[in-house]
Amino acid sequence: MILRNILTAASALALAACAVGPNYAEPKSASAPVATGPFVSANTPAVSLAPVAGDWWRLYDDPVLDGLVGDALANNTDVRVAVANIARARASLRGARADRLPQGEIGAGANYGRSPEGQRLPGADREDWAVDIGVNVSYEVDLFGRVSRSIEAARGDTAAAEANADAVRVIVAADTTQAYADAASGAARLDVARRIVGLLDQQVTVTQRRKDAGMATGLDLARITTLRDQRSAEIPAIEAERQAALFRLATLTGRAPAALPAIAGDRNISLEITDPIPVGDGAALLKRRPDIRAAERRLAADTARIGVATADLYPRITLGGSAGSTGSGFGDIFGGGPVRWLLGPLLNWAFPNQEPARARIAAAEADTQASLAEFDGTVLRALEETETALSSYARSLEQRQALRAARDQSERAARIVRAKREEGASDSFEWLDAERTFAEAEATLAEQDGQISRRQIALFRALAGGWST
């Protein structure tokens, strides 16, 4: 009855308590008025203002890529670490919530010894067993919100860990798509390089015949052979880059290189979306980016820790009770021997020297200011990354258009010079220069196709699609 009354009073006190420290309010970035509008660099037909797709990689319409991204999100080691960090944060939250409940412990002990003669009744044995068993129960009355603020901070840490895991998923999805795109681009560049070498091989053969017929010189043959050899030397480097992309793809999907399915390297066409890319607007970006959510939740947790530190300025009241029994043997303990019990409050208060507590408050406030600055910086970096990715993608498309026109012109010029040379109307310098120009234009255009896929993936990464899948 007494214990029930004490717990009832404690509950009433807890309900009447007020949590000290500032109450958290969602921050508004200094750039919010302009950050939530359309993107500055979205004024291009290459993008649309439609909402960003969560599973953006499916826009490439490649089932192999879909499977690889799914494998990466399930098996990537960085994702597994992030998931483990969530589990750790949730365990800390459970621990913080447990402080709201009464804490209990049971203790028991037994020892055999000899007591001084003056501590024993006449005729009693001086050597005997001493057995003790007891139960202790305590409950902290959260008058000033130390426990509730601790729970609030742990809840913020958990949400930040979940957002960090989403950020890792964004990176893993983008890196996996990029590795697959690099492998495909490498295969496409290899095809172009081999085609150029094959074309130059034909020109070497023709030049050799012309030399044998006295229509070309040894210098002509040496020059075209040198150009062919230079282009042949580029093939091993491209093959090495492609293999590196496949090895990276294996690691991202949680596999050893030898375990990567062969189908992952079958694509020999650069990865690209030809339709306008949906990018949404600034308001959607700020809600979607997991790094912004993580920074906001860390700010919430640090704000709550100011309350935890502030609570140390006030008394901490703990209601406790204990019951136990001590006897000379187990028979005494369980046979109705001497029983003891104790009920009462315990007050702890660091007073009058409260400077250590005030120092902890100042440190918590500084942490909160740093978290606020980090939040503002995260918002600005998100906008910067997105605007940069949009601008780079649009400029890359323009660059490819110019390179494609240059390639077409160089190919036309090479055909004309070949025909003139067959008729003897062109010298070897003009012919060799035309062949070299065409080879360089073809190779540059193939590299630019790969650059387009990298720009697209960088844009999706900045837009932070994929974390919700």
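Residues numbered from 1 in each chain as written. Predicted model: local features only at pLDDT ≥ 70, side-chain atom pairs only at ≥ 80, totals over all residues. Heavy atoms only, no water.

A word on the environment of Arg 209
Okay, so step 1: Relative to the elements of secondary structure, Arg 209 occurs in helix H5 (residues 146-212).
Okay, so step 2: Sequence spacing of Arg 209 and Leu 221 is 12 residues, and the spatial spacing of their C-alpha atoms is 9.7 Å. (Helix = DSSP H or I, 4+ residues; strand = E, 2+ residues; numbered from the N terminus.)

Quick word on empty space enclosed by the protein
Okay, so step 1: This model, assessed by the stated rule, comprises 2 cavities of 30 Å³ or more.
Okay, so step 2: Forming the walls of the largest cavity are Glu 140, Val 141, Asp 142, Leu 143, Phe 144, Gly 145, Arg 146, Ala 311, Asp 312, Pro 315, Arg 316 and Ile 317.
Okay, so step 3: Listing elements by their share of the lining of the largest cavity, those giving two or more residues are strand S3 (127-141) and strand S5 (316-327). (1 Å grid on protein atoms, 1.4 Å probe; cavity = no way out; pocket = protein on both sides within 12 Å on 5 of 7 lines; lining within 4 Å. Points joined across faces, edges and corners; volume = space filled by probe spheres on them.)

Looking at the layout of surface pockets
Okay, so step 1: One number sums up the size of the second largest pocket: a volume of about 190 Å³.
Okay, so step 2: Looking at the second largest pocket, the residues that line it are Ala 167, Val 170, Ile 171, Arg 289, Pro 290, Asp 291, Glu 385, Ala 458, Arg 461, Ala 462 and Ala 464.
Okay, so step 3: The set of elements that each furnish at least two residues to the lining of the second largest pocket consists of H5, helix H8 (290-311) and helix H11 (428-463).
Okay, so step 4: Split by residue class, the lining of the second largest pocket holds 7 nonpolar, no polar and 4 charged. (Nonpolar A, V, L, I, M, F, W, Y, C, P; charged D, E, K, R; others polar.)

Looking at a nonpolar patch on the surface
Okay, so step 1: Together, Ile 106, Val 135 and Val 137 make up an exposed nonpolar region whose accessible area comes to about 260 Å².
Okay, so step 2: Mapped onto the fold, Ile 106 is located in strand S2 (residues 103-114). (Patch = residues over 30% accessible without salt bridge, like charges linked within 9 Å, V, L, I, M, F, W, Y side chains within 5 Å. Areas by Shrake-Rupley, 256 points an atom, 1.4 Å probe, with all protein chains shown as cover. Salt bridge = Lys/Arg side-chain N within 4 Å of Asp/Glu carboxyl O.)

Observations concerning the pairing of S5
Okay, so step 1: For S3 and S5, the ladder comprises 11 bridges, and the chain directions are antiparallel. The residue of S5 that forms the bridge with Asp 132 is Thr 326.
Okay, so step 2: Sheet topology places S5 next to strand S6 (residues 339-348); 10 bridges connect them, and they run antiparallel. Across the sheet, residue Ile 317 finds its bridge partner in S6, namely Leu 347. (Pairing = 2+ DSSP bridges.)

Structural notes on the nonpolar core
Okay, so step 1: If you look at the biggest cluster of nonpolar residues, it comprises 47 residues, and the most contacted ones within it are Val 47, Tyr 60, Val 279 and Leu 459.
Okay, so step 2: Residue assignment for this core shows that the elements contributing at least two residues are helix H3 (63-75), H5, helix H6 (218-252), helix H7 (282-288), H8, helix H10 (355-422) and H11.
Okay, so step 3: Here the element with the most residues in this core is H10; it accounts for 7 residues.
Okay, so step 4: Beyond its immediate chain neighbours, meaning those up to four positions away, Val 47 contacts Ala 42, Pro 276, Ile 277, Val 279, Leu 390, Tyr 393 and Leu 459. (Core = buried A, V, L, I, M, F, W, Y, C linked by side-chain atoms within 4.5 Å. Buried < 20%, exposed > 50% of the residue type's maximum accessible area, 1.4 Å probe, protein only. Contact = heavy atoms within 4.5 Å.)

Quick word on the sheet that holds S3
Okay, so step 1: With respect to topology, 4 strands assemble into an open sheet ordered S2-S3-S5-S6, the strand pairing being antiparallel. Of all the strands in the sheet, just S2 and S6 have a single pairing partner and so form its edges. Averaged over neighbouring strand pairs, the angle between their axes works out to 20° when direction is ignored. (Axes fitted to C-alpha atoms, helices over the stretch in contact; angles between N-to-C directions.)

What to know about H10
Residues that lie three or four places apart on an α-helix share one face, since the helix turns once every 3.6 residues.
Okay, so step 1: The end-to-end C-alpha distance of H10 is 96 Å, a good match for the 100 Å that 68 residues give at a rise of 1.5 Å each.
Okay, so step 2: Gly 424 lies just past H10 and shows a positive phi near 80°. (Expected span 1.5 Å × (residues − 1).)

Topic: the pattern of salt bridges
Okay, so step 1: Per the counting criterion, the structure on display carries 38 salt bridges.
Okay, so step 2: Here Arg 169 makes a salt bridge to Asp 166, at a shortest N to O gap of 3.0 Å. Within this pair, Arg 169 and its partner Asp 166 are both found in helix H5, separated by 3 residues, close to a single helical turn.
Okay, so step 3: Notably, a salt bridge pairs Arg 400 with Asp 449, separated by 3.4 Å at the nearest N-O pair. Of this pair, Arg 400 sits in helix H10 while Asp 449 sits in helix H11, and the two are 49 residues apart along the sequence.
Okay, so step 4: Through salt bridges with shared partners, one network takes in Glu 140, Arg 146, Asp 312, Arg 316 and Arg 360.

Overview of the packing of H5 against H6
Okay, so step 1: For the pair H5 and H6, interaxial distance at closest approach is 8 Å and the crossing angle is 165°. On the basis of their axis angle, the class for H5 and H6 is roughly antiparallel. Every pair of crossing elements has a handedness; the one defined by H5 and H6 is left-handed.
Okay, so step 2: Tallied by class, the residues present in the contact of H5 with H6 amount to 19 nonpolar, 9 polar and 13 charged. (Parallel < 35°, antiparallel > 145°, perpendicular 65-115°, else oblique. Left-handed = near helix turned anticlockwise from the far one by under 90°.)

Section: the confidence of the model for the protein
Okay, so step 1: This prediction gives the protein a mean pLDDT of 88; 90% of its residues lie at or above 70.
Okay, so step 2: Predicted confidence for residues 12-16 stays below pLDDT 50, and this span has 4 contacts to residues more than four positions away or in other chains. (pLDDT = per-residue confidence, 0-100.)

What about the packing of aromatic side chains?
The way to describe two aromatic rings as a pair is by their centre distance and the angle between their planes.
Okay, so step 1: The final tally for this structure, using the stated rule, is 4 aromatic pairs.
Okay, so step 2: Aromatic pair Trp 56 and Trp 57: ring centres 5.7 Å apart, planes at 75°, arrangement edge-to-face. Neither Trp 56 nor Trp 57 differs from the other in exposure class; each is buried.
Okay, so step 3: Each ring, one from Phe 144 and one from Tyr 314, has its centre 4.6 Å from the other, and the planes form 20°; the classification is stacked. In this pair, Phe 144 sits in the loop between S3 and H5 while Tyr 314 sits in the loop between H8 and S5, placing the two residues 170 residues apart along the sequence.
Okay, so step 4: A relative accessible area of 22% places Phe 144 in the partly exposed class. (Phe/Tyr/Trp six-rings, centres within 6.5 Å; stacked < 30°, edge-to-face > 60°.)

Focus: the side chain of Glu 140
Okay, so step 1: Counting through the fold element by element, Glu 140 comes out in strand S3.
Okay, so step 2: For Glu 140, a relative accessible area of 17% puts it in the buried group.
Okay, so step 3: Glu 140 has contacts with Arg 146, Val 147, Arg 316, Ile 317 and Thr 318, leaving out every residue within four places of it along the chain.

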